[in-house]
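Take a look at the letters that make up each chain.
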Amino acid sequence: MVMDGLGKSLRGVLDRIKGSSTVDEDLIKEVCKELQRALLQADVNVQLVLRLTGNVRERALNEKPAAGRSAKEHVTRIIYEELVALLKNGEPLEVKPQTILLVGLYGQGKTTTAGKLANYFIKKGLSVGLIGADVYRPAAYDQLKQLGDKVGAEVFGDPTHQEKDAVKIAREGMERFRDKKVRIIDSSGRHALEDDLIKEITDIADATDPDERILVLDSQVGQQAGPQADAFNKAVGVTGVIVTKMDGTSRGGGALSAVATTKARIVFIGTGEHIRDLEPFDADRFISRLLGMGDLAGLVEMAKDSFDEDVDVEEMARRMTSGKYTLSDMYTQMKALGKMGTLQKIMGLLPGMSKMSDKIDYEATQSRLSRYRIIMDSMTAREKDEPSIIKGNRIDRIAVGAGVPASEVRDLLKQYNNSKKTMSAVSKDRKMRRQLAKQMGGMDPDALKELKDIEGGEK
Ligand code: GDP
Ligand code: MG
């Protein structure tokens, strides 16, 4: 079974560009045709497809590549940007009082997402009531109740599992949670689109008049995403999409079809089974991943443009997660940061790293840059590799050499120790490491071994 048809065929288009000898009108024509085929096969709406490929053709033929960018990179970039534009069609979910109805087929992650959303709003200071209107699955109420208890959201539903009228539960739940800021209604699914399901959620929507009607879509759903989204959209008017299980291997090509079909925006992605595994949607990241540009190799390509020749990005990324982190590494990082927010960009693009990235104070780092450079220039290679040996006399010697007070050298060491702590936390994050090891597998035997060790240890 091809799980990820769209992503695969889009990557095929990019490979086609990469493998071509020249970029001319013929190639662009051909690439657009392939793009159309890929998108249409994924049930992306015809008008949208034509508009997208029209833009690609127009821009590829008329826009000049940015300085230092090859014609191939230029066309690739345009396709990337147009796909991002296709997905960027709305605002994030607002943090305000509202009613949210979750719809979707079986096992897509509705109930889990209800819990995650409840947690999200509660963390933002809004009270939440969870309404369990899934009368189809036997233990649906208990699952929701468990989640509600965990995050501190009240749950309304039928603990006896006797009630067969989902609309009644939904209506009573709305009444019960009138004083809550946010009401989240979890609905039933089915294995396939069935008339009774469509009728049920239509009736629930009519009875509760939700502000947001969110389609929960498993990222593994490929070709079927379009028709599914279409059916739910016709039934309740989908206003947003949440793509779940983005922590898996699937790249979520179906989401593009769902978005194109419903014209609704993606509001969140689910990145794991835990309550906290809910991330705001980021179209750039999503498309990077879909096109396989989220791979470290792609990242490195993207970042290279803006780096000094002598900064080895690959090595830097490797070291960031290796657990070994020296003053020289910090120096390299800071040098890169001096050029631009590249480290931040890299960290932001890596799965699960956006949170970590927030913890690093980039601006402060940048302002200290030049001073630290001078200090480090007065250190020996060994001192930069093993900063723990820098004590007493060494501090004084370095300070004199750099012409700064000893306290500044100590500041630098303190900064180093803090960075080291962060890096060590990164390198201990299992999911993160595994992801990175996978991405680096092709080039680093140690990383590959590490991947096996981690996966072996997780059984
Ligand atoms: P529902 O039938 O639509 O309500 O789906 P559930 O919420 O019961 O989820 C079905 C399964 O998917 C459960 O085992 C969840 O733990 C799992 N699940 C939901 N969201 C995610 C996610 O983002 N990542 C992963 N790995 N699993 C998820
Ligand atoms: Mg459920």
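Keep in mind that this is a model prediction, so the values were computed, not measured. Here the residue numbering is sequential within each chain, running from 1 through the sequence in written order. All chains are assigned letters beginning at A, and all ligands numbers beginning at 1, according to the order in which they are written. The predicted nature of this model means local features are confined to residues of pLDDT at least 70 and side-chain atom pairs, given and counted, to a pLDDT of 80 or more, with totals for whole chains, interfaces and linings taken over all residues. As a convention, hydrogens and water are excluded, and side-chain values are obtained from all of the structure's heavy atoms.

Q: Is there a simple way to explain the environment of Leu278 in this structure?
A: Position of Leu278 relative to the elements: it lies in strand S8 (residues 278-280). C-alpha of Leu278 to C-alpha of Tyr120: the two residues are 158 residues apart in sequence and 8.2 Å apart in space. The criterion used for residue contact is that any of the two residues' heavy atoms lie within 4.5 Å. Aside from chain neighbours lying at most four places away, what touches Leu278 is Lys116, Leu117, Tyr120, Phe268, Ile269 and Thr271. By the criteria applied, helices consist of DSSP H or I runs no shorter than four residues and strands consist of E runs no shorter than two, each listed in order from the N terminus.

Q: Would you mind showing me how to read the site of ligand 1 here?
A: Close to ligand 1 lie 18 residues; Gly107, Lys110, Thr111, Thr112 and Asp247 are nearest. We call two N or O atoms a polar contact when they sit within 3.5 Å, provided that within protein one can donate a hydrogen and the other can accept it, with sequence-adjacent residues counted only if both atoms are side-chain atoms. Here Glu273 contributes a side-chain N or O atom positioned 3.1 Å from an oxygen atom of ligand 1. Notes on ligand 1: free accessible area 590 Å², of which the protein chains cover 82%. In terms of residue count, helix H5 (residues 110-123) provides more of the shell around ligand 1 than any other element does, four residues in total. Throughout this entry, Asp, Glu, Lys and Arg are counted as charged residues, while Ala, Val, Leu, Ile, Met, Phe, Trp, Tyr, Cys and Pro are counted as nonpolar. The remaining residues, Gly among them, count as polar. Its residues assigned to classes, the shell around ligand 1 shows two nonpolar, ten polar and six charged. Working definition: residue near molecule or strand if any one of its non-hydrogen atoms lies within 4 Å of it. Where accessible areas are quoted, they stem from the Shrake-Rupley method and a 1.4 Å probe; at the residue level, only the protein chains shown are allowed to cover.

Q: What am I meant to see in the pattern of salt bridges here?
A: Proximity of charged atoms lets side chains of opposite charge pair with each other. Note on definitions: salt bridges are taken to be side-chain nitrogens of Lys or Arg within 4 Å of carboxyl oxygens of Asp or Glu. Under the defined criterion, the tally for this structure stands at 24 salt bridges. With a shortest N-O distance of 3.8 Å, Arg16 and Glu34 are connected by a salt bridge. Highlighted residues: Arg16 in helix H1 (residues 5-19) and Glu34 in helix H2 (residues 25-41), separated in sequence by 18 residues. The class for Arg16 is partly exposed, based on a relative accessible area of 27%. Across the pair Lys168 and Glu163 runs a salt bridge whose closest N-O atoms are separated by 3.2 Å. For Lys168, a relative accessible area of 36% translates into the label partly exposed. Exposure remark for Glu163: the relative accessible area of 25% places this residue in the partly exposed category. Through salt bridges that share partners, Arg59, Glu63, Arg77, Glu81 and Glu82 make up one connected network. Throughout, exposure labels follow a simple rule: accessible area from a 1.4 Å probe, protein chains only, divided by the maximum for the residue type, with under 20% read as buried, over 50% as exposed, and the rest as partly exposed.

Q: Please clarify how the sheet that holds strand S5 (residues 212-218) should be interpreted in this entry.
A: Whenever strands of a sheet pair, they do so through backbone hydrogen bonds, lying parallel or antiparallel. Strand pairing is assigned whenever DSSP detects at least two bridges linking the two strands. With mixed pairing, the eight strands of this open sheet are ordered in space as S3-S2-S4-S1-S5-S6-S7-S8. Whereas interior strands pair on both sides, the edge strands pair on one side only; in this sheet they are strand S3 (154-156) and S8. On average, each strand axis in the sheet is inclined to that of its neighbour by 25 degrees, with strand direction left out of account. Pairing of strand S2 (residues 128-133) with S3, which is carried by three bridges, proceeds in the parallel orientation. Its bridge partner being in S3, Leu130 is matched across the sheet by Val155. Lines are fitted to the C-alpha atoms to define the axes, a helix being fitted only along its stretch in contact, and any angle between axes, read from their N-to-C directions, falls within 0 to 180 degrees. H5 rests against strand S1 (98-103), S2, strand S4 (182-187), S5, strand S6 (240-244), strand S7 (265-270) and S8 of the sheet, and its axis sits at about 170 degrees to S4.

Q: Before we go on, may I ask you to explain the packing of aromatic side chains in this structure?
A: The geometry of an aromatic ring pair is captured by the separation of the ring centres together with the interplanar angle, meaning the angle of the planes. Stacked, edge-to-face and tilted labels apply to pairs of Phe, Tyr and Trp rings (six-membered ring for Trp) whose centres lie within 6.5 Å, assigned for plane angles under 30 degrees, over 60, and everything in between, in that order. Tallied over the full model, the rule gives four aromatic pairs. Between Tyr120 and Phe121, the ring centres sit 5.2 Å apart and the planes meet at 75 degrees, which makes this aromatic pair edge-to-face. Within the aromatic cluster, the residues linked to one another by ring pairs are Tyr120, Phe121 and Phe268. Think of it as a cone above the ring: NZ of Lys or CZ of Arg counts as a charge over the ring if it is within 6 Å of the ring centre and within 35 degrees of the ring normal. For Arg190, the ring lying beneath its charged end belongs to Tyr136, and the centroid distance is 3.6 Å.

Q: Quick question: what am I supposed to make of a nonpolar patch on the surface here?
A: A grouping of Leu40, Val46 and Leu50 is seen on the molecular surface, where their side chains present a nonpolar patch of about 250 Å² in accessible area. Within the secondary structure layout, Val46 lies in helix H3 (residues 46-62). Within this analysis, patches are made of residues with over 30% relative accessible area and no salt bridge. Like charges are joined at 9 Å or less; nonpolar side chains (Val, Leu, Ile, Met, Phe, Trp, Tyr) at 5 Å or less.

Q: Help me understand the packing of helix H8 (residues 195-208) against helix H9 (residues 225-236), please; the structure alone is not making it clear to me.
A: Helix-helix packing is described using two parameters, namely the angle between the two axes and the distance between the axes. Contact geometry for H8 and H9: axes closest at 8 Å, N-to-C directions at 40 degrees. The angle between H8 and H9 falls in the class oblique. The two elements H8 and H9 meet at a crossing, and its hand is right-handed. In contact with Leu197, Ile198, Ile201, Thr202 and Ala205 of H8, H9 contributes Ala231, Phe232, Ala235 and Val236. By residue class, the composition of the contact of H8 with H9 is eight nonpolar, one polar and no charged. Any angle that falls under 35 degrees is termed roughly parallel, while one over 145 is termed roughly antiparallel, one within 65 to 115 roughly perpendicular, and all others oblique. In this scheme, a crossing is called left-handed if the near helix is turned counterclockwise away from the far one by less than a right angle; it is called right-handed if the turn is clockwise.

Q: What is the right way to read H3 from this model?
A: Because an α-helix completes one turn every 3.6 residues, residues spaced three or four positions apart along the sequence face the same direction. Spanning 17 residues, H3 covers 24 Å between terminal C-alpha atoms, matching the ideal 24 Å at 1.5 Å per step. Leu48, Val49, Leu52, Thr53, Val56, Arg59 and Ala60 are the residues of H3 that are buried. The buried side chains of H3 occupy one side of the element, clustering within an arc of 135 degrees when seen end-on. Looking at H3, the residues exposed on the side facing more than 90 degrees away from the buried face are Gln47, Arg51 and Asn62. Those residues of H3 that are buried are in contact with H2, helix H4 (71-87) and helix H10 (253-262). An expected span of 1.5 Å times one less than the residue number is assigned to each helix. The directions considered for the arc run from the helix axis to the C-beta atoms.

Q: It is not clear to me how unusual backbone geometry should be interpreted in this structure. Could you clarify?
A: Leaving glycine out, the prevailing phi sign among residues is negative, and the prevailing peptide bond configuration is trans. A positive phi angle, close to 60 degrees, is found at His161, a residue other than glycine. Here His161 shows up in the loop between S3 and helix H7 (166-176). Judged by relative accessible area, which is 33%, His161 ranks as partly exposed.

Q: I'm lost on the environment of Asp385 in this one. Help?
A: Position of Asp385 among the secondary structure elements: in helix H18 (residues 381-385). Measuring from C-alpha to C-alpha, the distance between Asp385 and Ser328 comes to 6.2 Å, with 57 residues separating the pair along the chain. Not counting chain neighbours up to four residues away, the residues in contact with Asp385 comprise Lys324, Thr326 and Ser328.

Q: When you look at the side chain of Lys384 in this model, what are you seeing that I'm missing?
A: Topologically, Lys384 is positioned in helix H18. Charged residues are defined here as Lys and Arg on the positive side and Asp and Glu on the negative side; His and the ends of the chain fall outside this count. Notably, Lys384 is buried but unbridged: the nearest opposite-charge side chain belongs to Asp377, and the N-O separation is 5.0 Å. Apart from the residues within four sequence positions on either side, Lys384 is in contact with Thr326, Leu327, Ser328, Met376 and Met379.

The analysis is restricted to geometry; functional conclusions fall outside its scope.
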